[in-house]
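Residue strings, one per chain:
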Amino acid sequence: MLTPRTKLLVVIAGPTAVGKTSLAIELATKLKTHILSCDSRQFYRELKIGTATPSEMELAKAPHHFIGNLSVTDYYNAARYESEALALLKRLYQEHDVVILCGGSGLYINALCNGIDELPDPDPDLRKEIKENYLKFGVEYLQNELQKLDPIYYSRVDRLNPNRIIRALEVAMATGKPYSSLLTHRAKPRQFRIIKIGLFRERDELFERISQRTTCMVTNGLVDEVRNLLSFRHLNALNTVGYKEILNYLDGKISLEQAFTDIRTNTRRYAKRQLTWFRKDTDYQWFHPDQQDEILALIESSL
RNA sequence: GGUACCAUAGCUCAGCAGGUAGAGCAACGGACUGAAAAUCCGUGUGUCACUGGUUCGAUUCCAGUUGGUACCA
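A brief look at the structure comes next. Here the structure is a predicted model, which is why all the values come from computation and not from measurement. (Residues numbered from 1 in each chain as written. Chains lettered and ligands numbered in written order. Predicted model: local features only at pLDDT ≥ 70, side-chain atom pairs only at ≥ 80, totals over all residues. Heavy atoms only, no water.)

Quick word on the overall build of chain A
Scanning chain A from terminus to terminus reveals 14 helices and six strands. Radius of gyration (C-alpha) of chain A: 21 Å, near the 19 Å computed for a compact globule of 303 residues. Taken along its principal axes, the extent of the C-alpha atoms in chain A is 60 × 55 × 30 Å. The proportion of buried residues among the 303 residues of chain A is 47%. The contacts of chain A with a sequence gap of at least 6 include a subset with a gap of at least 24, amounting to 76%. Here chain A carries 42 positive and 38 negative side-chain charges, and the mean point of each set is 2 Å from the other. (Helix = DSSP H or I, 4+ residues; strand = E, 2+ residues; numbered from the N terminus. Rg over C-alpha atoms; globule rule 2.2 N^0.38 Å. Buried < 20%, exposed > 50% of the residue type's maximum accessible area, 1.4 Å probe, protein only. Contact = heavy atoms within 4.5 Å. Lys, Arg positive; Asp, Glu negative; His and termini not counted. Charge placed at Lys NZ, Arg CZ, Asp CG, Glu CD.)

Next up, the structure:
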């Protein structure tokens with residue numbers, strides 16, 4: 001008796017500039033399948049150069065999804081990604097046994113693999129109001145409100161992180177329930193199996209690649225890309241490594257040379273945070289990006 | 001060649017009237033549930049250039065050596 005073949009999601013994750021894109025394309029070509037990008041900034045079609053979005057040539061080699069699918073003016077979040085990616089996977093699995101998820105946004109990868117709790121999207125007016133009070137009365141205001149509305153979360157949250165508390169407050173105010181009571185910390189069941197592959201390079205090697213990629217972005221016209229986005233500078237999508245620094249330059253706050261240096265530094269820090277995130281997920285099996293054959297063998301043995 | 005000054009963390013530099021040292025930046029570690037390339041927390045990582053001398057004790061004082069900078073030749 002034949003058992004139905006279970007579908008497989010291959011997660012290719014790792015720090016920025018490690019070489020995820022080209023490996024994913026190679027794998028997708030060999031497995032004749034699609035790539036779901038999971039990069040919270042490559043969603044935005046206006047952010048191309050500074051986010052190292054795959055080139056037209058690369059995109060042509062394998063079907064990609066979630067690249068340039070949004071405008072910087074669109075609102076988006078990890079929960080939406082979860083439902084959209086799940087819906088897309090359902091379709092793709094009708095014709096493919098394996099699909100590749102490729103990206104460096106840990107929260108979004110988790111949202112797809114484990115699910116994210118059902119919480120309300122932020123109400124912009126409410127968020128604005130809380131934020132104004134925060135700016136007026138400081139983080140103590142946030143802490144006091146949280147202690148009243150959700151003492152449990154208050155006891156364990158990082159109380160100096162305004163974003164965390166603002167989110168907890170807006171959920172508590174919108175639902176009338178403590179934020180902590182809505183978090184299940186339970187993984188949602190999935191109709192497919194998942195293998196997680198982490199890509200790793202020595203720090204020196206990674207930093208060298210970051211440095212070279214930054215030089216490349218500049219040559220490819222990053223400054224012009226940012227200049228064309230000046231009217232969108234207040235949007236969250238522009239709060240991104242590569243864009244913030246060039247904005248500082250265009251504002252005359254720093255030299256162009258300094259902006260490049262800052263991009264390199266901030267990209268290294270971003271890579272470090274990504275590594276911290278992925279390291280704690282013990283499901284990852286780590287490979288050097290050159291170990292394509294080993295990775296392919298692992299995937300095929302899982303099919 | 002002479003004179004002066006300098007040599008302390010990856011970098012820029014404090015400091016010690018003698019009791020083995022500390023800031024900023026960088027770096028490193030961590031947190032993370034609708035902002036996540038975001039946001040936030042933590043950590044000094046050192047042959048105090050080298051070799052001697054004085055001293056109970058030298059990174060600190062003295063001499064020499066090496067390297068650097070400036071000026072004079």
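After that view, the rundown keeps rolling.
Thoughts on the nonpolar core
Ranked by internal contacts, the top residues of the largest apolar core, which has 43 residues, are Leu9, Leu36, Tyr81, Leu101 and Ile109. Counting only elements with at least two residues in this core, the list comes to β1 (7-13), α3 (78-92), β4 (98-102), α4 (106-114), α11 (222-227), α12 (244-250) and α13 (256-279). For this core, the element with the most residues is α3, which contributes six residues. Ignoring anything within four residues of it in the chain, the contact list for Leu101 reads Leu9, Val10, Val11, Ile12, Leu36, Cys38, Tyr81, Ile109 and Leu112. Leu31, Ile100, Ile195 and Ile197 belong to the second-largest nonpolar core, a separate cluster that totals 27 residues. (Core = buried A, V, L, I, M, F, W, Y, C linked by side-chain atoms within 4.5 Å.)

As for the pairing of β1
Of all seven residues making up β1, six are buried, and the element is well covered by its neighbours. Inspection of the sheet shows β1 paired to strand β5 (residues 192-199) by seven bridges, in the parallel sense. Paired with Val10 across the strands is Ile195, a residue of β5. Summarising the sheet, β1 and β4 pair through five bridges and their orientation is parallel. If you follow Ile12 over to β4, its bridge partner there is Cys102. (Pairing = 2+ DSSP bridges.)

A closer look at the protein's contact with RNA strand B
Residues in contact with RNA strand B amount to 49 residues; listed here are only the nearest, Ser40, Asp121, Asp158, Asn161 and Arg273. Near the protein, within 4 Å, the atoms of RNA strand B are sugar or phosphate in 58% of cases. A distance of 3.0 Å separates a base nitrogen of RNA strand B from a polar backbone atom of Thr51. Within the backbone of Leu119, an N or O atom sits 2.9 Å from a base oxygen of RNA strand B. When contributions to the surface near RNA strand B are tallied by element, the ones reaching two or more residues are α4, α5 (124-137), α8 (162-175), α10 (203-219) and α13. Counting residues per element, the surface near RNA strand B draws most heavily on α13, at eight residues. Grouping the constituent residues of the surface near RNA strand B by class yields 16 nonpolar, 15 polar and 18 charged. (Near = heavy atom within 4 Å. Polar contact = N/O pair within 3.5 Å; in protein donor to acceptor, adjacent residues only side chain to side chain. Nonpolar A, V, L, I, M, F, W, Y, C, P; charged D, E, K, R; others polar.)

Things to note about a negative patch on the surface
Judged by side-chain charge, Asp123, Asp125, Glu129 and Glu132 come together as a negatively charged surface patch. With respect to the element layout, Asp125 can be found in helix α5. Given a relative accessible area of 60%, Asp125 falls into the exposed group. (Patch = residues over 30% accessible without salt bridge, like charges linked within 9 Å, V, L, I, M, F, W, Y side chains within 5 Å. Areas by Shrake-Rupley, 256 points an atom, 1.4 Å probe, with all protein chains shown as cover. Salt bridge = Lys/Arg side-chain N within 4 Å of Asp/Glu carboxyl O.)

With respect to the environment of Ser155
Relative to the assigned elements, Ser155 resides in helix α7 (residues 151-156). Accessibility expressed as a relative area gives 52% for Ser155, which makes it exposed. In this structure the C-alpha to C-alpha distance between Ser155 and Thr240, which are 85 residues apart in sequence, comes to 31 Å. Only 2.6 Å separates the side chain of Ser155 from the backbone oxygen of Ile152, close enough to count as a polar contact.

Focus on the pairing of β5
Among the eight residues of β5, six are classified as buried, and the element is accordingly described as predominantly covered. When β5 meets strand β6 (residues 284-287), the two strands line up parallel, connected through four bridges. Counted as the bridge partner of Lys196 is Tyr284 from β6.

Interpretation in functional terms is not warranted from these geometric data alone.
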